[in-house]
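Each chain, letter by letter, is given below.
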Amino acid sequence: MEKVAEYDKLEKIGNELYARSIEGTLDFPAFQRLFGDAQAVCGPDNDAMEMFCPFAKPQGWWDWMIKELQKAPSRRVA
């Protein structure tokens with residue numbers, strides 16, 4: 001059975017991600033923490049994880065994010 005995302009928790013994570021970005025306090029450890037929190041809430045295959053894409057611009061962040069997504073077993077069928 002597929003895990004159902006808890007959208008209220010994802011909304012809080014997304015709000016913090018955005019606020020930290022605007023405030024200039026979104027550093028890599030905060031990005032990693034929020035990413036991990038979102039994965040715990042919805043799983044790596046949920047489209048909601050796309051909310052991190054616009055914030056993964058500093059060098060190395062995108063590569064780290066993709067590796068983290070690839071670590072988890074996928075539920076998607078080719």
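Analysis parameters
Residues numbered from 1 in each chain as written. Predicted model: local features only at pLDDT ≥ 70, side-chain atom pairs only at ≥ 80, totals over all residues. Heavy atoms only, no water. Core = buried A, V, L, I, M, F, W, Y, C linked by side-chain atoms within 4.5 Å. Buried < 20%, exposed > 50% of the residue type's maximum accessible area, 1.4 Å probe, protein only. Helix = DSSP H or I, 4+ residues; strand = E, 2+ residues; numbered from the N terminus. Contact = heavy atoms within 4.5 Å. Axes fitted to C-alpha atoms, helices over the stretch in contact; angles between N-to-C directions. Parallel < 35°, antiparallel > 145°, perpendicular 65-115°, else oblique. Left-handed = near helix turned anticlockwise from the far one by under 90°. Nonpolar A, V, L, I, M, F, W, Y, C, P; charged D, E, K, R; others polar. Expected span 1.5 Å × (residues − 1). Phe/Tyr/Trp six-rings, centres within 6.5 Å; stacked < 30°, edge-to-face > 60°.

> Please give an account of the nonpolar core that cites residues and values.
One finds Leu 17, Leu 26, Phe 31, Phe 52 and Met 65 to be the most contacted residues of the largest nonpolar core, which totals 18 residues. Secondary-structure elements contributing two or more residues to this core are α1 (7-23), α2 (28-42) and α3 (61-71). Examining the composition of this core, we find that 7 residues originate from one element, α2, more than from any other. Dropping the residues within four chain positions of it, Phe 52 is found in contact with Ile 13, Leu 17, Phe 31, Leu 34, Phe 35, Ala 38 and Met 65.

> Which residues make up the packing of α2 against α3, and what are the values?
When two helices pack together, their arrangement is given by the angle between their axes and by how far apart the axes lie. The interhelical angle for the contact between α2 and α3, taken along N-to-C directions, is 25°, at an axis separation of 12 Å. By the criterion of interaxial angle, the relationship of α2 to α3 is roughly parallel. The way α2 lies across α3 gives a crossing that is right-handed. Contact residues: α2 offers Phe 28, Phe 31, Gln 32, Phe 35 and Gln 39, while α3 offers Trp 61, Trp 64, Met 65, Glu 68 and Leu 69.

> Any chance you could break down the environment of Thr 25 for me, citing the residues and the numbers?
Locating Thr 25 in the fold gives a position in the loop between α1 and α2. Setting aside anything within four residues of it in sequence, one finds Thr 25 in contact with Arg 20 and Ala 30.

> Describe in detail the packing of α1 against α2, supporting the description with residues and values.
Viewed as axis vectors pointing N to C, α1 and α2 meet at an angle of 165°, and their least axial separation amounts to 10 Å. Taken as axis vectors, α1 and α2 run roughly antiparallel relative to one another. Read as a crossing pair, α1 and α2 show a hand that is left-handed. Here Lys 9, Leu 10, Ile 13, Glu 16, Leu 17 and Arg 20 of α1 come into contact with α2, specifically with Ala 30, Phe 31, Arg 33, Leu 34, Asp 37, Ala 38, Val 41 and Cys 42. Tallied by class, the residues present in the contact of α1 with α2 amount to 9 nonpolar, no polar and 5 charged.

> Can you tell me about α2, naming the residues and giving the values?
Here α2 contains 15 residues, and its C-alpha end-to-end distance of 21 Å stays within 8% of the 21 Å for a straight helix at 1.5 Å per residue. For α2, the set of buried residues is Ala 30, Phe 31, Leu 34, Phe 35, Ala 38, Gln 39, Val 41 and Cys 42. In this structure, the buried residues of α2 make contact with α1 and α3. Gly 43 lies just past α2 and shows a positive phi near 85°.

> Can you break down the packing of aromatic side chains residue by residue, with the values?
With the rule as written, the count across this model stands at 8 aromatic pairs. Ring geometry for Phe 28 against Trp 61: centres 5.5 Å apart, planes inclined by 35°, an arrangement best described as tilted. Taken together, the residues Phe 28 in helix α2 and Trp 61 in helix α3 connect sequence positions 33 residues apart. The exposure class assigned to Trp 61 is buried, which follows from its relative accessible area of 9%. Ring centres of Phe 31 and Phe 52 lie 5.6 Å apart, and the angle between their planes is 85°; on these two criteria the pair is classed as edge-to-face. Of this pair, Phe 31 sits in helix α2 while Phe 52 sits in the loop between α2 and α3, and the two are 21 residues apart along the sequence. Given the relative accessible area of 0%, Phe 52 is considered buried. Ring-pair connections join several aromatic residues into one group, and the members of that group are Phe 28, Phe 31, Phe 35, Phe 52, Trp 61 and Trp 64.

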